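Single-letter residue listing:
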Amino acid sequence: MHATMLKCTITALVALTALYSLAAYAEEGMKGVSNDDWRGFGVLSSGKGYADSPLGQVHYRDVGPRSDTHPIVLLHQSPMSMIQFAGVQNALAELGFRAITIDTPGYGNSDRPPHQPTIQEYAANLVYVLDHLKIDKILVGGHHTGAQIAASFAANYPKRAVGVILHGAAQLSAEERNKYLAYKFEPRTPTLDGSHLIKAFNLLPMNNQEKAILDARTWLAITSFIQGPDIGHWAAFHYDMIPDLEAISVPGLILTDTEDDVHYIDVRVSKIRPDFKYHVFSEGNLLEFMAQPKRWAMIAAEFYEDIKKR
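Throughout, a residue's number is its position along its own chain's written sequence, starting from 1. With pLDDT at 70 or above as the cut-off, local features in this predicted model cover only qualifying residues; side-chain atom pairs require 80 or more to be listed or tallied, and sums for whole chains, interfaces and linings still use all residues. With hydrogens and water excluded, all non-hydrogen atoms of the structure serve as input to the side-chain values.

(A) Here's a closer look at the overall build of the chain. Strands here mean DSSP runs of E at least two residues long; helices mean DSSP runs of H or I at least four residues long; both are numbered from the N terminus. Of regular secondary structure, the chain possesses 12 helices and 8 strands. Taken along its principal axes, the extent of the C-alpha atoms in the chain is 90 × 55 × 40 Å. Note on classification: 1.4 Å probe, protein chains only; a residue is buried when its accessible area is under 20% of the maximum for its type, exposed when over 50%, partly exposed between these limits. When each of the 310 residues of the chain is scored for burial, the buried share is 50%. The contact definition used throughout considers only heavy atoms, calling two residues in contact when any of these lie within 4.5 Å. A fraction of 76% describes how many contacts in the chain between residues 6 or more apart in sequence connect residues 24 or more apart. Using a 1.4 Å probe, the Shrake-Rupley method yields the accessible areas, and only the shown protein chains count as cover for residues. As displayed, the chain has an accessible area near 15500 Å², and 59% of this comes from carbon and sulfur atoms. Only four residue types enter the charge count: Lys and Arg as positive, Asp and Glu as negative, with His and the chain ends excluded. Each charge is placed at NZ for Lys, CZ for Arg, CG for Asp and CD for Glu. Considering the chain, the positive charge centre built from 28 side chains and the negative charge centre built from 34 side chains are found 4 Å apart.

Structure, rendered in structure tokens:
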């Protein structure tokens, strides 16, 4: 009897080992020959499409429940792409929210516009994407340049917005705009030793060596070479947000990071619009929310639920 039980046990162990080996092989097979967990654009699986617009074809990603007719639309900073909000978008979908990310024309997989757009033109162009998707109203959120576009959209298309999230509001005074316009960005001309890539990676002085932050810095470097001319920053540095900021009639949320260069501006914006909610997202720099996407999604979701109760 003992021999029979031992034989059955051995057989079971062999079967379990085989199943484990098969699962491990399948997982390794999906990694190809990689020895790391870098997912690349794999974080943007499903939901992608294009909408025609005056600024060319706009690349978008739309995920989450189709029953959600008033989704959250997220707009990235320059020189990023929708990849900046990939983690947030996926987290929102997991929470049951429909979330749409958009590559600003001239960035990511969107077309380069036929001319240099302004922030107001970028905001107006968003209407074509929404019409393409048959969406009438959105909660619009953005980071840096994306926050400027979001502010302009909420101000000028109040019937299409239910609320606005400004993370790193970048409301620049005339003096600040001139300062940024005078700044000389590093050329992206390839060098023999590859130092152009190192400069892009080290563009921001950050002491945080957390893997998620290093991933975000890598994406910032990659996207700076994916884009063509940096037309988003040109638009940002010529934009006077005050008229739009004062005209916004929907609920607003300001998010800030204390080590971000525009943190003091976020404080200023919170005083211009004391009716907006103000929340310190982190004590880190501007890439912090890419390292904490689920937390950002939770804050946005709570803000949206509060809007729905009004």
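This is not the end of the story, as more comes after the structure.
(B) Focus on the side chain of R98. Relative to the assigned elements, R98 resides in the loop between α2 (86-94) and β4 (99-102). Among the residues examined, R98 registers a relative accessible area of 7% and is labelled buried. Beyond its immediate stretch of four places on either side in the chain, R98 contacts D62, V63, G64, P65, R66, D68, T69, P71, I72, L133 and I135.

(C) Geometry of the pattern of salt bridges. The working definition used for a salt bridge is a side-chain nitrogen of Lys or Arg within 4 Å of a carboxyl oxygen of Asp or Glu. Counting across every chain of the model gives 11 salt bridges. The closest approach of N and O atoms between R273 and D275, which form a salt bridge, is 2.7 Å. R273 gets classed as buried once you look at its relative accessible area, which sits at 9%. For the salt bridge of R310 with D306, the shortest nitrogen-to-oxygen distance reads 3.2 Å. What makes R310 exposed here is its relative accessible area of 61%.

(D) Expanded view of the confidence of the model for the chain. When pLDDT is averaged along the chain, the result is 89; 90% of the residues meet or exceed 70. Confidence scores labelled pLDDT are given residue by residue by the predictor and lie between 0 and 100. A low-confidence stretch, residues 1-27 stays under pLDDT 50, and its non-local contacts, those more than four residues away or across chains, total 0 contacts.

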